[in-house]
Amino acid sequence: RALRRSAAALGRARTVHTDGWQRDADGARRRWRTWSDGVRHRVESDAERMVFDGRRLFRYEADTRRLTVRRTSRAFAFVSSGPTVDDLQTDLRRWGWRDRIVFLPEARENGRTRRRVRIERDEPAGPVRVEIWVDPATDLPVRTETHLFADGVWQVRAAQRIVVDAPPPRDAFAPLR
């Protein structure tokens, strides 16, 4: 039920901004930021920037200094069919994923109670867990953590903070040049 409420609340959001990091296999730590208004998307990292304006995907690769533009009807390969847990489970099967959803006990973060949901899956590199922390007052996710089982222990490999309905920068969805 918590995941359903969170997905529904997120579906009502006008904008979503994330700020996160991930640790690559070589140990390097990369930061990223994203903005979305439901139709348009922007993704920034050290390695690339992408903007989807609703019709075209602009992608700039920093190492080659190459900008590509292509017409497309969507920004991402995996498009969800809806915000509910049933939709998520249907999508995971349709995409061929074997994810499991586990509801965890509530936890405290900065003096606030958070609901937690874990999505588990097996990958070639080992088992993966994605924990979603949800604000019970708004039913909105506030952060995620991705854990990978490696060298006999669970390691945090990525984390992100999620801010909903904050205005994006004025040029967030401007085409890249």
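If you're wondering where the values come from, they're calculated on a predicted model, not measured in any experiment. (Residues numbered from 1 in each chain as written. Predicted model: local features only at pLDDT ≥ 70, side-chain atom pairs only at ≥ 80, totals over all residues. Heavy atoms only, no water.)

### Here we look at the overall build of the protein
Phase 1: Along the backbone of the protein there are two helices and eleven strands.
Phase 2: N-terminal to C-terminal, the α/β element order of the protein is α-β-β-β-β-β-β-α-β-β-β-β-β.
Phase 3: By residue count, 39% of the 177 residues in the protein fall in the buried class.
Phase 4: Counting contacts in the protein only where the partners sit at least 6 residues apart, residues at least 24 apart contribute 31% of the total.
Phase 5: With an accessible surface of roughly 11,000 Å², the protein has 49% of that area assigned to carbon and sulfur atoms. (Helix = DSSP H or I, 4+ residues; strand = E, 2+ residues; numbered from the N terminus. Buried < 20%, exposed > 50% of the residue type's maximum accessible area, 1.4 Å probe, protein only. Contact = heavy atoms within 4.5 Å. Areas by Shrake-Rupley, 256 points an atom, 1.4 Å probe, with all protein chains shown as cover.)

### Some points on the pattern of salt bridges
Phase 1: By the definition in use, this model includes 21 salt bridges.
Phase 2: For R118, the salt bridge is made with E131, and the minimal N-O distance between the two is 3.3 Å. On the criterion of sequence distance, the pair formed by R118 in strand β8 (residues 112–123) and E131 in strand β9 (residues 126–135) is long-range, its members being 13 residues apart.
Phase 3: A relative accessible area of 13% means that R118 is categorised as buried.
Phase 4: Residues participating in the shared-partner salt-bridge network are R100, R116, R118, E120, D122, R129 and E131. (Salt bridge = Lys/Arg side-chain N within 4 Å of Asp/Glu carboxyl O.)

### Quick word on the pairing of strand β5 (residues 56–61)
Phase 1: Pairing geometry for strand β4 (residues 48–52) and β5, over five bridges, is antiparallel. Within β5, the residue paired with R49 across the bridge is Y60.
Phase 2: Connecting the antiparallel pair β4 and β5 is a turn made up of three residues, with G54 showing a positive phi of about 105 degrees.
Phase 3: Note that β5 and strand β6 (residues 66–71) share six bridges and pair antiparallel. Opposite Y60, over in β6, you have L67 as the bridge partner.
Phase 4: Counting the residues that bridge the hairpin from β5 to β6 gives four residues, and of these R65 lies at a positive phi of roughly 55 degrees. (Pairing = 2+ DSSP bridges.)

### Topic: the packing of aromatic side chains
Phase 1: The final tally for this structure, using the stated rule, is one aromatic pair.
Phase 2: R143 extends its terminal NZ or CZ atom over the ring of W133, reaching a point 3.8 Å from the ring centre. (Phe/Tyr/Trp six-rings, centres within 6.5 Å; stacked < 30°, edge-to-face > 60°. Lys NZ or Arg CZ within 6 Å of the ring centre and 35° of its normal.)

### Some thoughts on empty space enclosed by the protein
Phase 1: According to the stated counting rule, one finds one cavity of 30 Å³ or more in the structure shown.
Phase 2: Within this model, the largest cavity holds a volume of roughly 30 Å³.
Phase 3: Lining the largest cavity, in full, are H41, R42, V43, M50, F52, L57, A75 and F76.
Phase 4: Mapped onto the lining of the largest cavity, the elements with two or more residues apiece are β3 (41–45) and β4.
Phase 5: Take the lining of the largest cavity: its biggest share by element is three residues, from β3.
Phase 6: For the lining of the largest cavity, the per-class residue count stands at six nonpolar, one polar and one charged. (1 Å grid on protein atoms, 1.4 Å probe; cavity = no way out; pocket = protein on both sides within 12 Å on 5 of 7 lines; lining within 4 Å. Points joined across faces, edges and corners; volume = space filled by probe spheres on them. Nonpolar A, V, L, I, M, F, W, Y, C, P; charged D, E, K, R; others polar.)

### Thoughts on the sheet that holds strand β2 (residues 29–36)
Phase 1: Strand order across the open sheet formed by eleven strands is β6-β5-β4-β3-β2-β1-β11-β10-β9-β8-β7, with antiparallel pairing between neighbours. One side of each edge strand has no neighbouring strand; the edge strands of this open sheet are β6 and β7 (100–109). The mean angle between the axes of side-by-side strands here comes to 15 degrees, regardless of whether they run parallel or antiparallel. (Axes fitted to C-alpha atoms, helices over the stretch in contact; angles between N-to-C directions.)

### Brief notes about the environment of V69
Phase 1: Along the chain, V69 turns up in strand β6.
Phase 2: Since its relative accessible area comes to 46%, V69 is described here as partly exposed.
Phase 3: In this structure, the C-alpha to C-alpha distance between V69 and L176, residues 107 residues apart in sequence, is 9.0 Å.

### Thoughts on the environment of V117
Phase 1: Among the structural elements, V117 can be located in strand β8.
Phase 2: C-alpha of V117 to C-alpha of P141: the two residues are 24 residues apart in sequence and 9.9 Å apart in space.

### What about the side chain of D135?
Phase 1: Turning to its location among the elements, D135 is positioned in strand β9.
Phase 2: Under the relative-accessibility criterion, D135 is labelled buried at 15%.

Nothing here speaks to function; it is geometry throughout.
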